[in-house]
Amino acid sequence: MAKDPNDLPESAAPREWKPVLGLSTEPIDPSQLPSTAGRVFDQPEPETLLELTVIVPARNEEASLAACVQSLIAQSEEVFKLGSDWELVVVDDESTDRTAEIARGFSSVSVIKAEKLQPRWTGKANAIWTAARKARGRWLLFTDADTVHEPGNLRRAIHEAQRHKAGMLSYSPRQIVSGFAQRTLMPLVFSELSLAYPPAKVSDPDQRIAAANGQFLLVEREAYRRIGGHAAVKDRVLEDVELAFLAKRRRVGLRFRYAEDAVSTRMYRTTGAMIEGWTKNLSLLFNNALVLALWRALDIILLFCLPFLAIDTWNARVSPHGLEWLRAGWLVSILWLRTVVRFYSRVAKSNFPFRDCALSPFGLPLFVFLLYRSWFQHKLLKQVSWKGRTYAQS
């Protein structure tokens, strides 16, 4: 990967902030943002805000919603009581399964229906926007229905955001996978994400790079207003990343990190859903998915073809020029070992267990296919599908 011109040596002194892309001159402490009504929230500002509003958009999530809601309700305690200190809202996004029924089974949860989907809106942005405009929390947490939150996670996240003066805090959850396809593919995807969006750079206000994970996105109320809420990214398939870019442009403070200590998620329950999901996202996550596909195709050749070449050259050492072939066998073997070490050190950045990283070479053909498929859908067909809806791409 080419060196980023924004990289600094670890020993370098902090640079003086220079505005780029129309950014203001200095980062803003979100606690100092003014509290004014209008533009985002439907109702007048209450005299006393709740500490937090948790919003869970859900469309056909009957398999995962109960575990998510239970893990959130478990965050309630005497000093942080659900109903008096914070609220939990599930937005039913035209589900055709038991999603709404499951949500209503929890007495302390508010269940609302997403407003009618308008043209050029994605379903998720519309569902979140429906609830966000009525939110009463000083902080807003947008989290997916397939997440499970560790005890105390909500209060710790708020304290972390305040400590780092971040108007937006996003976690990359621990990924739960099952089946051979997921175990081999997911480490490949997340290793590339960790390299394309290094958390240290994302959290650095002097770096242009921005990222967030919609599975856990905590935003301070006024910071959310300043970036325009989900209405500002209404037609974006990757609304979380787009919100992160807006957070950096508005200088409200952005913090992003891997957080296995806070939240976990099972993104996909079937191989078909995984293929559809990454087809929707990969071309948007990586600047040139087609070039990345070619590089990973080269990995397939080096990882799987070099061993056969090494065996062939070693078997040829009995020829009249055996010494030369012996030397060639060593060289090919060393080249293959170097390729294996380089590949594993790259995939290990995914934060997946050793077993999944070791199996990941077998996921390379599927990864290459999905990169190409995502590029084809976005660049040529100009449309992607997700959960029964098709979205046009400009």
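Refer to the structure above for everything that follows.
1. Digging into helix α13 (residues 364–381)
Then comes step 1: Counted at 1.5 Å a residue, the expected span for α13 with its 18 residues is 26 Å, and the 24 Å between its end C-alpha atoms agrees.
Then comes step 2: Every buried residue of α13 is accounted for by Leu364, Phe367, Val368, Leu370, Leu371, Ser374, Gln377 and His378.

2. Focus: the pairing of strand β3 (residues 110–113)
Then comes step 1: Sheet topology places strand β2 (residues 86–92) next to β3; 4 bridges connect them, and they run parallel. The residue bridging aspartate 92 from the neighbouring strand is lysine 113, located in β3.
Then comes step 2: Tracing the backbone out of β2, into helix α2 (residues 99–104) and back to the parallel element β3 gives a crossover that is right-handed.

3. Remarks on helix α3 (residues 123–132)
Then comes step 1: Of all 10 residues in α3, 9 are buried; the element is thus mostly enclosed.
Then comes step 2: For α3, the set of buried residues is Gly123, Ala125, Asn126, Ala127, Ile128, Trp129, Thr130, Ala131 and Ala132.
Then comes step 3: If you follow the buried residues of α3, they end up packed against β1 (50–58), β2, β3, β4 (137–143), α7 (221–227) and β12 (389–392).

4. Concerning the sheet that holds strand β7 (residues 174–175)
Whether parallel or antiparallel, the strands of a sheet pair through hydrogen bonds between backbone atoms.
Then comes step 1: Here we have 3 strands laid out as an open sheet, ordered β5-β10-β7, and mixed in their pairing. Among the strands making up the open sheet, the edge pair consists of β5 (147–149) and β7.
Then comes step 2: As judged from the 3 bridges shared by β5 and strand β10 (residues 263–265), these two strands associate in the antiparallel manner. Of the residues in β10, the one forming a bridge with histidine 149 is valine 263.

5. A short note on the pattern of salt bridges
Then comes step 1: Enumeration according to the criterion identifies 24 salt bridges in this entry.
Then comes step 2: For arginine 120, the salt bridge identified is with aspartate 235, shortest N-O distance 3.1 Å. One end of the pair, arginine 120, is in the loop between β3 and α3; the other, aspartate 235, is in the loop between α7 and α8 (239–249), and 115 residues separate them in sequence.
Then comes step 3: According to the relative accessible area criterion, arginine 120 is exposed, its value standing at 59%.
Then comes step 4: According to the relative accessible area criterion, aspartate 235 is partly exposed, its value standing at 27%.
Then comes step 5: Linking arginine 342 and aspartate 299 is a salt bridge whose minimum nitrogen-to-oxygen distance equals 2.8 Å. Of this pair, arginine 342 sits in helix α11 (residues 322–347) while aspartate 299 sits in helix α10 (residues 289–315); the two residues are 43 residues apart in sequence, bridging distant segments of the chain.
Then comes step 6: Owing to a relative accessible area of 29%, arginine 342 belongs among the partly exposed residues under this scheme.
Then comes step 7: Using a relative accessible area of 3% as the deciding quantity, one classes aspartate 299 as buried.
Then comes step 8: Taken together, the salt bridges that share partners define one network made up of Glu192, Arg296, Asp299, Arg342 and Arg346.

Procedures and definitions
- Residues numbered from 1 in each chain as written.
- Predicted model: local features only at pLDDT ≥ 70, side-chain atom pairs only at ≥ 80, totals over all residues.
- Heavy atoms only, no water.
- Helix = DSSP H or I, 4+ residues; strand = E, 2+ residues; numbered from the N terminus.
- Expected span 1.5 Å × (residues − 1).
- Buried < 20%, exposed > 50% of the residue type's maximum accessible area, 1.4 Å probe, protein only.
- Pairing = 2+ DSSP bridges.
- Right-handed = clockwise from strand over helix to strand, strands pointing away.
- Contact = heavy atoms within 4.5 Å.
- Salt bridge = Lys/Arg side-chain N within 4 Å of Asp/Glu carboxyl O.

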